[in-house]
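Listed below, chain by chain, are the residues.
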Protein chains: 2
Amino acid sequence: MPENAGRAPTQRDVAAAAGVSTATVSYILSGRRDRATPVTPETRDRVLRAVEQLGYRLNHSGRSLRRRRTELVCVVYRMPDNPWVERLAEQVQTIGATSGYSMIALPLPSSPPTEPAAASRPQPSALRVLRERYVDGAIVANGTLIEPDELRRLAASGLSLVVFHDALEPAGFDVVDLAQRAALTDLVRHLLGRGHTRIGYLAHDVELAAPDDEVQSLKYRMVAAALAAAGVPLDPRLVVPGADVRERAYVETQRLLRADRPPTALISASDRGAIDAIWAARDLGASVPGDLAIAGIGNGTEGSAIRPALTTVGLPKLDFTVPVTRLFERIAAPNELPGDRIPQPWQLIVREST
Amino acid sequence: MPENAGRAPTQRDVAAAAGVSTATVSYILSGRRDRATPVTPETRDRVLRAVEQLGYRLNHSGRSLRRRRTELVCVVYRMPDNPWVERLAEQVQTIGATSGYSMIALPLPSSPPTEPAAASRPQPSALRVLRERYVDGAIVANGTLIEPDELRRLAASGLSLVVFHDALEPAGFDVVDLAQRAALTDLVRHLLGRGHTRIGYLAHDVELAAPDDEVQSLKYRMVAAALAAAGVPLDPRLVVPGADVRERAYVETQRLLRADRPPTALISASDRGAIDAIWAARDLGASVPGDLAIAGIGNGTEGSAIRPALTTVGLPKLDFTVPVTRLFERIAAPNELPGDRIPQPWQLIVREST
DNA sequence: CTGAAAGCGCTTACAG
DNA sequence: CTGAAAGCGCTTACAG
């Protein structure tokens with residue numbers, strides 16, 4: 001039981017209890033410079049015992065104010081998380097641990113309250129963590145979550161930053177380019193090459209609610225652009241919502257198939273929706289891909305487990321060693337690295353469903 | 001463009017640029033005590049212009065060292081997130097914002113590398129955020145993630161703490177009691193009351209890999225205990241894995257139904273697995289609940305959307321105002337509140353599938 | 001209405 | 001091998 005009433009013990013209290021100076025306590029606790037100024041084992045023991053007895057805990061603010069670094073990095077993403085964000089976070093933790101860094105997350109709300117376009121940007125209070133030097137560096141898993149100008153200002157103010165974004169110029173930070181547009185174009189070409197001309201799209205609800213929102217409707221816009229570029233513009237009657245909720249994806253797919261001129265191929269904004277679409281088609285007696293070719297987006301883990309295995313676009317494997325290592329290089333050498341583009345391309349993964 | 005080479009500008013730089021003292025800068029930026037010491041609009045403007053021009057950003061470490069508080073709270077949970085953790089995080093953000101608090105997350109890895117029991121506890125580097133006063137308070141969404149002793153030490157060291165846990169004594173922190181065991185007991189009684197005696201269990205894989213791990217196998221252990229208490233111990237042949245992966249839940253359910261003496265009721269560790277089980281049964285020509293009653297655990301959003309609507313146990317509604325408000329009360333009055341038990345009971349939600 | 005000064009808890013070159 | 005002292009960037013009672 002600590003005896004100090006109220007106030008948490010400091011290194012000063014530890015030093016007093018152990019009969020040494022605060023410098024000695026600090027050397028022992030931070031483990032630095034042990035070689036240059038070795039401490040006798042007895043002193044060390046006495047200090048550690050005092051730490052234990054007082055229940056002393058290091059004060060991070062004091063340390064980082066003095067060291068001018070927080071030894072903390074942050075992963076920014078939109079809720080809900082998904083396997084690739086989890087993998088990214090895991091690698092940030094693992095790789096960071098080797099240089100004494102810990103990781104925190106900054107999950108931004110999935111469904112902003114009102115006005116889609118503006119509200120899809122995070123509140124200032126969430127950005128405080130990035131703006132006020134709470135962390136030395138950050139990986140933004142979805143660069144569209146934060147205004148480009150804000151990203152540039154953050155980088156200029158000394159925050160080490162690596163941003164996943166398809167269409168942003170590096171500017172004091174690195175940009176991991178997933179080349180999503182190219183992959184979706186490949187997918188469209190693949191379907192056209194199989195002879196499909198009536199291609200439907202199973203959308204995230206928010207995409208249809210705010211089709212012009214670059215943040216929320218990214219996939220919809222990219223698919224539509226790829227189809228238009230190929231001379232087969234998306235037929236509005238073949239666009240339905242429901243990719244988010246299993247039962248609705250099922251119902252909407254059956255509605256499409258029962259319509260006058262059903263599509264012969266369907267792209268779903270999510271792998272999950274695509275899988276539901278496969279079930280829906282099968283239950284109507286339609287064969288996949290015979291009667292309806294179905295493709296997902298994202299390359300989630302489910303897609304390769306089902307039959308027919310799902311054609312999709314996404315990262316071929318979940319390895320973010322390059323961007324994560326880059327983040328820590330930036331932190332180690334602040335203001336020395338310009339801004340690079342790091343290619344980590346999505347790819348077309350053709351399986352059985354198309 | 002900031003002109004300081006290297007070093008980030010401080011309030012001192014701002015004060016110099018605006019021709020005032022650092023005290024004035026601080027008053028203007030922190031917005032406190034404006035009533036007692038109003039600043040002339042001209043001074044204010046001059047300071048804000050200097051802030052803009054220098055690209056000044058507040059240094060959190062300096063502020064929180066001085067204020068002796070970080071104005072930051074943390075939500076601790078196990079990856080992946082789920083709708084209720086998201087809702088919790090959202091409410092922490094919203095309620096915290098009214099008193100100037102920001103939220104960060106501490107997502108702990110979902111599948112620890114090796115040794116299940118020990119490895120299911122987080123690494124020390126993850127706990128640094130809680131131990132070293134990086135935040136003023138935390139909500140632990142799953143109290144089994146952190147050792148009880150560690151929780152007590154954290155609370156004793158002054159961290160405001162609210163922990164979701166079914167079987168922990170409050171000790172300087174509050175415990176939100178979901179009463180999961182009682183709800184699962186209700187579910188078992190409900191099935192027995194419908195005449196079922198052969199009740200199967202669709203498990204999370206990790207539950208069968210480490211059935212003795214209290215952290216990972218919570219639901220499995222509670223269901224087994226409830227069945228045993230009712231005099232109908234769980235038949236090992238009716239326990240199958242696969243609740244995590246859609247296709248496997250489907251296959252395992254069909255395997256159960258094709259066996260010699262199939263179960264007449266099935267409890268799934270996840271709502272998702274239960275929904276897959278419904279599809280699997282239906283595809284074999286078995287009616288739900290006629291031939292097989294199926295219940296989930298968790299009360300996720302999908303369960304009420306499907307047909308037959310899913311019987312499940314979980315929180316009847318996602319409102320964490322009480323525990324979240326309590327966290328901020330604790331932060332406002334440190335060391336004054338003892339430790340309370342906050343009931344937020346899971347409930348049996350009977351729908352059509354049983 | 002504004003400024004000089006102390007101090008939050010730590011780290012680290014430097015002197016002994 | 002150890003300690004006295006300065007200083008990281010803020011805030012705030014206090015004096016003017």
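Since this is a predicted model, take the numbers as computed values, not measurements.

A. A look at the sheet that holds strand β7 (residues 239–241) of chain B. All names here are of chain B. One open sheet holds the four strands; their spatial order is β7-β6-β8-β9, and the pairing between them is parallel. Taken across any chain shown, the strands that pair with only one partner, and hence form the sheet edges, are β7 and β9 (293–295). Each strand of the sheet is rotated relative to its neighbour by a mean of 20°, with strand direction disregarded. The sheet contacts of helix α11 (residues 218–229) involve β6 (199–203), β7 and β8 (265–268), and relative to β6 the element is tilted by about 170°. Contacts from helix α13 (residues 271–283) reach β6, β8 and β9 within the one sheet, and its direction differs from that of β9 by about 160°.

B. Highlighting the sheet that holds strand β8 (residues 265–268) of chain A. Residue and element names in this part refer to chain A. A sheet is described by the order of its strands in space; here four strands give the open sequence β7-β6-β8-β9, paired in parallel fashion. Edge positions in the open sheet fall to β7 (239–241) and β9 (293–295), since each of these has one partner strand only. Going from strand to strand, the sheet's axes swing by 20° on average, the running direction of each strand aside. Bridge count for strand β6 (residues 199–203) against β7 is three bridges, and the pairing is parallel. Residue Ala203 lies in a different strand from β7, and its bridge partner there is Pro241. Here helix α9 (residues 180–193) sits on the sheet and contacts β6, β8 and β9; the angle it forms with β8, its principal contact strand, is near 165°. Of the strands in this sheet, β6, β8 and β9 are in contact with helix α13 (residues 271–283), which crosses β9 at around 160°.

C. A look at the protein's contact with DNA strand C. The environment of DNA strand C is formed by 26 residues, the closest being Ser26, Tyr56, Arg63 and Arg66 of chain A together with Arg68 of chain B. If you look at DNA strand C and keep only atoms within 4 Å of the protein, 67% of those are sugar or phosphate atoms. Contacts to DNA strand C include Tyr56 of chain A, whose side-chain N or O atom sits 2.4 Å from a phosphate oxygen. Those elements that place two or more of their residues in the surface near DNA strand C are α2 (22–30) and α4 (60–67) of chain A together with α2 (22–30) and α4 (60–67) of chain B. No other element matches α4 of chain A, which puts five residues into the surface near DNA strand C.

D. How the structure looks around helix α1 (residues 11–18) of chain B. Residue and element names in this part refer to chain B. Those residues of α1 that sit buried are Gln11, Val14, Ala15 and Ala18. Angularly, the buried residues of α1 cover 100° about the axis, an arc narrow enough to put them on a single face. Those residues of α1 that are exposed and angled more than 90 degrees off the buried face are Arg12, Ala16 and Ala17. Those residues of α1 hidden inside the fold are in contact with α2 and α3 (41–54).

E. Seen up close, the packing of α1 of chain B against α3 of chain B. Residue and element names in this part refer to chain B. Contact pair α1 / α3: the axes reach a minimum separation of 9 Å and the direction vectors enclose 125°. Between α1 and α3, the angle falls in the class oblique. You can see that α1 and α3 cross each other, and the crossing is right-handed. Facing α1, whose interface residues are Asp13, Val14, Ala17 and Ala18, α3 presents Arg46, Val47, Ala50, Val51 and Leu54. Residues that form the contact of α1 with α3 fall into these classes: seven nonpolar, no polar and two charged.

F. Focus on the packing of aromatic side chains. Inspection of every chain in the model, using the stated rule, returns 13 aromatic pairs over all chains. Ring geometry for Tyr201 of chain A versus Tyr220 of chain A: centroids 5.5 Å apart, planes at 15°, classification stacked. Of this pair, Tyr201 of chain A sits in strand β6 while Tyr220 of chain A sits in helix α11 (residues 218–229); the two residues are 19 residues apart in sequence, bridging distant segments of the chain. Taken as a pair, Tyr201 of chain A and Tyr220 of chain A share a single burial class, namely buried. The rings of Tyr250 and Trp279 of chain A together with Tyr250 and Trp279 of chain B are connected pair by pair, giving a single aromatic cluster. The ring centre of Trp279 of chain B lies 5.3 Å from the NZ or CZ of Arg282 of chain B, which sits over that ring.

G. Region of the structure containing the interface of chain A and chain B. Counting residues at the interface gives 57 residues for chain A and 56 residues for chain B. Interface area for chain A against chain B, summed over the two sides, is near 5,100 Å², with a carbon-plus-sulfur share of 51%. On the chain A side of the interface with chain B, the three residues burying the most area are Arg57, Arg133 and Arg246 of chain A, jointly 15% of the side's total. In this structure, the connection of chain A to chain B is made through four salt bridges. A salt bridge links Asp283 of chain A to Arg282 of chain B; its shortest N-O distance comes to 2.8 Å. Taken together, the elements giving at least two residues each to the side of chain A that touches chain B come down to α4, β1 (72–78), α5 (83–97), β2 (102–108), α7 (124–131), α8 (148–156), α12 (246–258) and α13 of chain A. When its residues are assigned to classes, the side of chain A that touches chain B shows 24 nonpolar, 14 polar and 19 charged.

H. Structural detail: the relation of the copies chain A and chain B. The two copies are related by a screw motion: chain A maps onto chain B through a turn of 180° and a shift of 0.1 Å along the axis, at an RMSD of 0.1 Å. The superposition of one copy onto the other is thereby described by a two-fold rotation axis. When the interface residues of chain A are mapped onto chain B, 98% of them again fall at the interface, so both copies present the same face.

Reading guide: rules and limits
- Residues numbered from 1 in each chain as written.
- Chains lettered and ligands numbered in written order.
- Predicted model: local features only at pLDDT ≥ 70, side-chain atom pairs only at ≥ 80, totals over all residues.
- Heavy atoms only, no water.
- Pairing = 2+ DSSP bridges.
- Helix = DSSP H or I, 4+ residues; strand = E, 2+ residues; numbered from the N terminus.
- Axes fitted to C-alpha atoms, helices over the stretch in contact; angles between N-to-C directions.
- Contact = heavy atoms within 4.5 Å.
- Near = heavy atom within 4 Å.
- Polar contact = N/O pair within 3.5 Å; in protein donor to acceptor, adjacent residues only side chain to side chain.
- Buried < 20%, exposed > 50% of the residue type's maximum accessible area, 1.4 Å probe, protein only.
- Arc of directions from axis to C-beta.
- Parallel < 35°, antiparallel > 145°, perpendicular 65-115°, else oblique.
- Left-handed = near helix turned anticlockwise from the far one by under 90°.
- Nonpolar A, V, L, I, M, F, W, Y, C, P; charged D, E, K, R; others polar.
- Phe/Tyr/Trp six-rings, centres within 6.5 Å; stacked < 30°, edge-to-face > 60°.
- Lys NZ or Arg CZ within 6 Å of the ring centre and 35° of its normal.
- Buried area = accessible area lost by both parts, 1.4 Å probe.
- Salt bridge = Lys/Arg side-chain N within 4 Å of Asp/Glu carboxyl O.
- Least-squares fit on C-alpha atoms with pLDDT ≥ 70 in both.

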